[in-house]
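Observations on the three-dimensional arrangement
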Amino acid sequence: MDGRESETAAGLMTIRAFSRRSRLTQRALRLYDASGLLAPAFVDEQTGYRYYTEAQLEVARLIVLMRQLEMPLSRIAGLLDLSPAEQAEAVQRFWLEAEAKAQRQRKLAGYLRGRLLGRPETRLAVQTREVGAQKVLVLGREILRPELQGFIVEAFAALYGHLDAAPARPVGSPMLIYHWELDFDSPGLVEACMPFEGSAEPAPGLAVRLEPAHREAFVRLTKAQADYPDILHAYDALSGWLEARSLVGLAPREVYFAPWDATPPDQPAFDVAFPFRPEEEDDA
């Protein structure tokens with residue numbers, strides 16, 4: 001009996017044999033078991049030995065290939081039980097997302113390189129306006145940058161739903177207020193705000209407050225310019241404009257004055273705005 005036969009029984013392979021044939025280390029196999037990706041077909045209760053089947057070799061190969069695409073283990077776990085056609089579609093969807101991410105990172109690298117070299121970017125017109133006091137319904141949360149899009153969808157659905165159920169109606173433009181910089185390592189507070197008229201009571205997670213009257217500087221952007229990092233040029237333009245005038249910018253906001261889904265990419269859709277005050281009034 002050769003070494004391979006000595007490590008098989010009743011159609012099962014020991015973890016040692018399966019490791020050799022799948023070219024995965026036993027450590028990797030234990031990780032995939034703990035992650036719910038590739039559990040042994042049988043575990044001997046007395047010895048703790050793990051056994052695998054021939055059919056699991058193909059699953060192991062799929063996992064290896066998907067990991068080489070840098071697909072997260074949790075995402076792989078979600079598609080292993082799908083049909084081959086559904087798995088192929090899931091892989092294609094993941095790759096399209098990866099390409100979109102790479103494009104954003106390429107643009108961000110170009111933005112950063114230009115900033116480091118001090119090259120002038122596209123000039124954006126900075127305007128100012130007076131904004132009256134507004135009663136707003138607010139949903140705030142500390143989030144990381146990758147969580148922003150999901151937060152926006154969830155927050156505004158909650159705000160509109162709450163106002164629909166109250167004797168109140170939205171007026172003016174919804175906005176996002178950024179109290180801290182959003183990054184990938186530390187969460188920052190973002191508030192979704194919906195101006196309204198009528199009567200709406202606070203609820204769990206929702207607050208009502210009066211947003212005070214103020215003067216603000218703003219840049220008007222098209223829907224396409226909302227893409228990150230393109231939107232950073234608006235923040236840079238506003239920061240430079242305020243600094244040149246010795247003005248202190250307060251929590252920046254994005255004000256969405258056009259219906260987002262119905263607005264073409266090349267049409268104005270929102271403003272990036274900084275409320276401001278003279279430098280001598282700064283608490284610092």
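Scroll up to find the structure.
A few points on the structure. (Residues numbered from 1 in each chain as written. Predicted model: local features only at pLDDT ≥ 70, side-chain atom pairs only at ≥ 80, totals over all residues. Heavy atoms only, no water.)

The subject of this paragraph is the overall build of the chain. Summing up its helical and strand segments, the chain has eight helices and 14 strands in all. A globule of 284 residues ought to have a C-alpha radius of gyration of about 19 Å, yet the chain, at 27 Å, is considerably larger. With the C-alpha coordinates of the chain rotated into their principal frame, the extents come out at 90 × 55 × 40 Å. Taking all 284 residues of the chain together, the buried fraction comes to 35%. When contacts within the chain are restricted to residue pairs at least 6 apart in sequence, long-range pairs at least 24 apart make up 68% of them. When the accessible surface of the chain is totalled, it reaches about 17200 Å², and 53% of it is carbon and sulfur. Here the chain contributes 32 positive and 41 negative side-chain charges, whose respective centroids are spaced 6 Å apart. (Helix = DSSP H or I, 4+ residues; strand = E, 2+ residues; numbered from the N terminus. Rg over C-alpha atoms; globule rule 2.2 N^0.38 Å. Buried < 20%, exposed > 50% of the residue type's maximum accessible area, 1.4 Å probe, protein only. Contact = heavy atoms within 4.5 Å. Areas by Shrake-Rupley, 256 points an atom, 1.4 Å probe, with all protein chains shown as cover. Lys, Arg positive; Asp, Glu negative; His and termini not counted. Charge placed at Lys NZ, Arg CZ, Asp CG, Glu CD.)

F151, L159, L176 and V272 are the most contacted members of the largest nonpolar core, which has 36 residues in total. Within the residue set of this core, elements represented by two or more residues are β6 (134-143), α7 (148-164), β8 (175-178), β9 (188-198), β11 (214-222), α8 (232-244) and β14 (268-278). Ranked by the residues each element gives to this core, the list is headed by α7, at seven residues. Setting aside chain neighbours within four positions, we find V272 in contact with A217, F218, V219, L221, I231, A234, Y235, L238, R253 and E254. (Core = buried A, V, L, I, M, F, W, Y, C linked by side-chain atoms within 4.5 Å.)

Take the environment of T128 next. Of note, T128 is situated in strand β5 (residues 127-131). A sequence separation of 35 residues divides T128 from R93, and the C-alpha atoms of the two residues are 43 Å apart. Ignoring anything within four residues of it in the chain, the contact list for T128 reads R215, E216, A217, F218, W241 and F276.

With that out of the way, let us pick up the side chain of E254. Tracing the backbone shows E254 in strand β13 (residues 253-256). No salt bridge is formed by the buried E254. Its closest oppositely charged neighbour is R145, at 6.7 Å. Polar contacts involving the side chain of E254 include one to the side chain of Y235, which spans 2.9 Å. Here E254 is in contact with P174, M175, L176, Y178, I231, Y235, F270, D271 and V272, once residues within four sequence places are set aside. (Salt bridge = Lys/Arg side-chain N within 4 Å of Asp/Glu carboxyl O. Polar contact = N/O pair within 3.5 Å; in protein donor to acceptor, adjacent residues only side chain to side chain.)

Glancing now at the pairing of strand β4 (residues 50-53). Inspection of the sheet shows strand β2 (residues 12-14) paired to β4 by three bridges, in the antiparallel sense. Counterpart to M13 in the pairing with β4 is Y52. In this sheet, β4 lies alongside strand β3 (residues 42-43) in antiparallel orientation, the contact comprising two bridges. Bridge pairing in β4 places F42 opposite Y51. Connecting β3 to the next strand, β4, in antiparallel fashion are six residues, including G48 with a positive phi near 80°. (Pairing = 2+ DSSP bridges.)

On inspection of all chains with the given rule, the structure shows 16 salt bridges. A salt bridge links R61 to E58, with the shortest nitrogen-to-oxygen separation between them at 3.9 Å. Here R61 pairs with E58, and both are found in helix α4 (residues 56-68), just three residues apart, close to one helical turn. Judged by relative accessible area, R61 falls into the partly exposed class, the value being 42%. The closest approach of N and O atoms between R220 and D271, which form a salt bridge, is 2.8 Å. Here R220, found in strand β11, pairs with D271, found in strand β14; they are 51 residues apart in sequence, far enough to count as distant.

Bringing α8 into the picture now. A rise of 1.5 Å per residue sets the reference length of α8, with its 13 residues, at 18 Å; its end C-alpha atoms lie 18 Å apart and thus fit the reference within 8%. Those residues of α8 that fall on the buried side of the exposure criterion are L232, A234, Y235, L238, W241 and L242. One or two residues past the end of α8 sits S246, with phi positive at roughly 55°. (Expected span 1.5 Å × (residues − 1).)

Counting along an α-helix, one turn takes 3.6 residues, and residues three or four places apart therefore face a common direction. In this model, α4 (13 residues) spans 19 Å end to end at C-alpha, consistent with the 18 Å of a helix rising 1.5 Å per residue. Within the sequence span of α4, burial applies to Q56, L57, A60, I63 and M66. Taken from the residues just after α4, E70 is the one with a positive phi, measuring 65°.

Turning next to the packing of helix α6 (residues 84-117) against α8. Viewed as axis vectors pointing N to C, α6 and α8 meet at an angle of 25°, and their least axial separation amounts to 12 Å. Between α6 and α8, the interaxial angle falls into the category roughly parallel. Together, L108, Y111 and R115 of α6 and L232, H233 and D236 of α8 make up the contact between the two elements. Its residues assigned to classes, the contact of α6 with α8 shows three nonpolar, one polar and two charged. (Axes fitted to C-alpha atoms, helices over the stretch in contact; angles between N-to-C directions. Parallel < 35°, antiparallel > 145°, perpendicular 65-115°, else oblique. Nonpolar A, V, L, I, M, F, W, Y, C, P; charged D, E, K, R; others polar.)

Looking now at a nonpolar patch on the surface. Together, L112, L116 and L117 give the surface a local cluster of nonpolar side chains, amounting to about 330 Å² of exposed area. For L117, the position within the fold is in helix α6. Taking relative accessible area as the criterion, L117 reaches 49% and is therefore assigned partly exposed. (Patch = residues over 30% accessible without salt bridge, like charges linked within 9 Å, V, L, I, M, F, W, Y side chains within 5 Å.)

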